[in-house]
Amino acid sequence: MSSPLSELQVSGLKGVGPKLAEKLAKLQLHSLLDLLFHLPLRYQDKTQLTQLSQCLPGSEGLIEAEILQSRFVGGRAPGLWVDCLSHDQTPVSLRFFHVNANQARFYQRGKRLRAFGECKLGMQGWEMMHPDCEVFSAEPPPLSPFLTPIYPTTEGLGQKTLQKLIKQACLQLEQYPLAEHLPRQLCDQWQLPGINEALLTLHQPPAGSDTGALSRVETPAQQRLIVEELFTHQLSLQRLRQSQQAIPAPAFNSQTSRGLHQLIANLPFQLTLAQQRVWQEISQDLAQARPMQRLVQGDVGSGKTVIAAMAAQVCAEQGYQVAIMAPTEILAEQHRQAMQAWLTPLGLQLTSLSGRHKPSERQQILAAIASGEAQVIVGTHALFQDSVVFKQLGLVIIDEQHRFGVHQRLALTQKNQTSDPNQSAWQPHQLTMTATPIPRTLAMAAYGDLDLSVIDELPPGRQAIDTAVLSNSKRYEVMEHLYQACQQGVQAYWVCPLIEESEQLNAQAAASTLAEFQQQWPDLKVGLIHGKLKPAEKEQLMADFKAQQLQVLVATTVIEVGVNVPNASLMIIENAERLGLAQLHQLRGRVGRGSKKSHCVLLYQAPLSETAKARLNIMRESQDGFVIAEEDLKIRGPGEVLGTRQTGGLSFRIADISRDQAWLTELQPAAHDWLETLQQSGDLAGLEARWLAHRLDYHHA
Ligand code: ADP
Ligand code: MG
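The present account deals with the structure reproduced in this document. Remember, it's a predicted structure, so these values are computed and weren't measured experimentally.

1. With respect to the overall build of the chain
No. 1: Helix and strand counts for the chain come out as 26 helices and 21 strands.
No. 2: In the chain, of all internal contacts separated by at least 6 residues, the share reaching a separation of at least 24 is 76%.
No. 3: Per element, the accessible surface of the chain, about 31400 Å² overall, is 50% carbon and sulfur.

2. As for unusual backbone geometry
No. 1: Following A606, the chain continues into P607 via a peptide bond in cis, with omega recorded as -5 degrees.
No. 2: Here P607 shows up in the loop between β21 (598-604) and α21 (610-621).
No. 3: In this structure, Q89 takes a positive phi of about 65 degrees despite not being glycine.
No. 4: The backbone phi angle of Q191 is positive, close to 55 degrees, even though this residue is not glycine.
No. 5: Positionally, Q191 belongs in the loop between α6 (184-190) and α7 (195-203).
No. 6: The exposure class assigned to Q191 is exposed, which follows from its relative accessible area of 66%.

3. A word on the packing of helix α9 (residues 220-245) against helix α25 (residues 683-691)
No. 1: Between α9 and α25, whose axes approach to 10 Å, the crossing angle comes to 115 degrees. Judged on the interaxial angle alone, α25 and α9 are roughly perpendicular. With respect to the hand of their crossing, α9 and α25 are arranged in left-handed fashion. On α25, the residues that touch L225, E228, E229, T232, L235, S236 and R239 of α9 are L684, L687, E688, R690 and W691.
No. 2: Within the contact of α9 with α25, the residues separate by chemical class into 5 nonpolar, 2 polar and 5 charged.

4. Re the environment of Y447
No. 1: Positionally, Y447 belongs in the loop between α16 (440-446) and β15 (451-455).
No. 2: We classify Y447 as buried; its relative accessible area is 5%.
No. 3: Separated by 209 residues in the primary sequence, Y447 and Q238 place their C-alpha atoms 9.7 Å from one another.

5. Things to note about the side chain of E574
No. 1: Tracing the backbone shows E574 in the loop between β20 (568-573) and α20 (581-588).
No. 2: The class of E574 is buried, set by a relative accessible area of 8%.
No. 3: Side-chain polar atoms of E574 contact the side chain of W494, separated by 2.7 Å.
No. 4: Residues within four places of E574 in sequence aside, it is in contact with N472, R475, W494, V495, C496, P497, T513 and L603.

6. Regarding the sheet that holds strand β16 (residues 465-471)
No. 1: Across the sheet, which stays open at both edges, the 6 strands sit in the order β16-β21-β20-β17-β19-β18 with parallel pairing between neighbours. Two strands lie at the open edges of the sheet, namely β16 and β18 (526-529), each paired on one side alone. The sheet shows a mean angle of 15 degrees between the axes of neighbouring strands, direction not considered.
No. 2: Where β16 lies against β21, 7 bridges are found, and the strand directions are parallel. When the bridges of β21 are listed, D466 appears paired with H599.
No. 3: Here helix α19 (residues 535-546) sits on the sheet in contact with β17 (491-495), β18, β19 (552-555) and β20, set at roughly 145 degrees to β18.

7. Examining the sheet that holds strand β9 (residues 293-298)
No. 1: With parallel pairing, 7 strands are arranged side by side in an open sheet as β11-β12-β10-β13-β14-β9-β15. Single-partner strands in this sheet number two, and they are β11 (350-353) and β15. The sheet shows a mean angle of 20 degrees between the axes of neighbouring strands, taken without regard to direction.
No. 2: Pairing geometry for β9 and strand β14 (residues 429-434), over 5 bridges, is parallel. Note that in β14 the partner of Q293 across the bridge is Q430.
No. 3: Packing against the sheet, helix α11 (residues 273-286) makes contact with β9, β13 (393-398), β14 and β15, and its axis sits at approximately 155 degrees to β15.

8. Considerations on the site of ligand 1
No. 1: Neighbouring ligand 1 are 16 residues; Q270, G301, K304, T305 and R462 lie closest to it.
No. 2: A distance of 3.4 Å separates an oxygen atom of ligand 1 from a polar backbone atom of S302.
No. 3: Coverage of ligand 1 by the protein amounts to 81% of the 560 Å² it exposes when considered alone.

9. Observations concerning the side chain of Q44
No. 1: Note that Q44 resides in strand β1 (residues 42-44).
No. 2: With sequence-adjacent residues up to four places away left out, Q44 is seen in contact with E60, F116, D132, L147, T148 and I150.

10. Focus: the packing of aromatic side chains
No. 1: Tallying each qualifying case throughout the model produces 11 aromatic pairs.
No. 2: Between F37 and W691, the aromatic rings sit 5.0 Å apart at their centres with planes inclined by 80 degrees, giving edge-to-face as the arrangement. Here F37, found in the loop between α3 (32-36) and β1, pairs with W691, found in helix α25; they are 654 residues apart in sequence, far enough to count as distant.
No. 3: Residues F517 and W521 carry aromatic rings whose centres are separated by 6.0 Å and whose planes lie at 45 degrees to one another, so their mutual orientation is tilted. Judged on exposure class, the residue F517 and its partner W521 are both buried.
No. 4: Three or more aromatic residues joined by ring pairs make a cluster, and in this case those are Y476, Y483, W494, F517 and W521.
No. 5: Residue placement shows K46 over the ring face of F116; its charged tip is 5.3 Å from the ring centre.

The rules we used
Residues numbered from 1 in each chain as written. Chains lettered and ligands numbered in written order. Predicted model: local features only at pLDDT ≥ 70, side-chain atom pairs only at ≥ 80, totals over all residues. Heavy atoms only, no water. Helix = DSSP H or I, 4+ residues; strand = E, 2+ residues; numbered from the N terminus. Contact = heavy atoms within 4.5 Å. Areas by Shrake-Rupley, 256 points an atom, 1.4 Å probe, with all protein chains shown as cover. Buried < 20%, exposed > 50% of the residue type's maximum accessible area, 1.4 Å probe, protein only. Axes fitted to C-alpha atoms, helices over the stretch in contact; angles between N-to-C directions. Parallel < 35°, antiparallel > 145°, perpendicular 65-115°, else oblique. Left-handed = near helix turned anticlockwise from the far one by under 90°. Nonpolar A, V, L, I, M, F, W, Y, C, P; charged D, E, K, R; others polar. Polar contact = N/O pair within 3.5 Å; in protein donor to acceptor, adjacent residues only side chain to side chain. Pairing = 2+ DSSP bridges. Near = heavy atom within 4 Å. Phe/Tyr/Trp six-rings, centres within 6.5 Å; stacked < 30°, edge-to-face > 60°. Lys NZ or Arg CZ within 6 Å of the ring centre and 35° of its normal.

Right under this line is the structure:
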């Protein structure tokens, strides 16, 4: 199925030694196929000579000229000036910096040269600042019939080298064309060229190509590749879903669940309409004899946990086990408390598993899980471990699912099969939850294998959080204000976010803020929480804060997800400009959870760029996670919004989810229609090898 070009290694190309191969490897360029999919960032038009007399100052141009004289100029910006007469008889001076006398000898009077670069109109006429330049002793060769591609490169790997290598790869492509894996019908429908034509056009656009359309990524050749990549991604997710659906799951009827009715009756609140609607969707899934694969999205505080508890109740009551997994110890502990409050009174056996048990304790817990005695098991990543085997796992609930990859999510669903090889294999239902409000298109692209439910309503009575954006120069006043507020019974978070990618440094920054508080206001009860603390220490701090033994919690972003202390009503976030909007929204969501009016102060380090200002203003103006996420997506792109860790490999080579949203809506149904055909013809395998080989997640899933 694979193309010979994927077998041909770059090291086999002319002029590629081990050193160069290493540089290429840095760009993930190993085979000729990789080279072909390494697309230009932009193009230079060297297909015709620019008439300087008609040139727009500041635009790029190619000139041919005869050298009149070259001279070194000293002073503040020393360099070599080469005065020429261009092909259209216009005087022009080329200026080069960092040129030694040896190099200067090339530019001899009477020689011809070709120079490409920005043409400026200076005091003494036309000038070009270090243009790309070639000097000829004889007649210059004919002009290139193609636009010159400019590729993304890396240090020590010259543009010319890359151009030459990719040119060689293009020659090979003509000899070994790639298989056409997209159905003819779709190409016609969408008016897309074939794969080989598309690649050749992009590496060698003929003279006269529409450079505007190329730079806007609107040409059919570019669209062809975008479509192929997104389509492959969609097909692959749907294939994954299908293979999951092929394995049966136990069907649970929630209509007849007495515990569920009791659980709802015991709640001190009424479910919101959105919660009820989402629950309907879940209970319909649970009633099927194939596994639920559902993602529940709900803004912070929208009440996802109780929905999880309801699903757990229905499943556990019918004799199956439920695993509930959270990304952090703090969050797992919070879930344990919630489940204990809701499910234990109904007679369910609850167990928690984290990474911090003593060996003997751990053995006991594992035994209870294996025997089925433990019915609802709350835990962290520890639940993934091989030693954890369930008797009969019927439901897996994963909170803050974006923290885990597709692979991890699926790993937990495989935990039954090993338990009893004689038992007919079944799949547990999967319920995943996220508070990261991902715009729908992005969710579709990232989690196309999941059905989506959205809790788009907050419980009544929540008050808006007032948000202020202040310069760091006001920091001391903010601290003082915080102290006053705490005297009135307010509890506050002070967040010192990511300074570097190092929790060590964050912890230090947070520690020095703690010291400032202690020095200024010794009577203020301040705690410090960061990722370097032991789980038990973190838990203790959270418990103290919840019990109002602490007035202020100085923290790193470890408190980002899920922490629930309803009495806390003041949130200060330092260096807010360094955080993504989604993350700020998550952090801010730690307040405004109770009946008190809440406030949030975003401190920034001046000066603030225009975009940064715009972003922080969005935070001030909106409290709707979806609005914020849409804006964030526009400004920063999907990789950043979801975070690389969170995307499960959602980094596309050519497609851009934000730019190419419109395609997604079209490709999802198309993938559905064509999946079977393409699977049978082997084209899907070909597409996956072409586009996803580096994303092993999907293959081993
Ligand atoms: P999240 O969706 O962020 O996980 P939680 O499940 O932690 O939100 O819910 C936040 C708070 O709101 C909890 O204290 C929860 O008990 C409460 N809650 C959930 N649903 C409702 C509701 N319908 N009415 C009032 N409060 C609710
Ligand atoms: Mg939650």
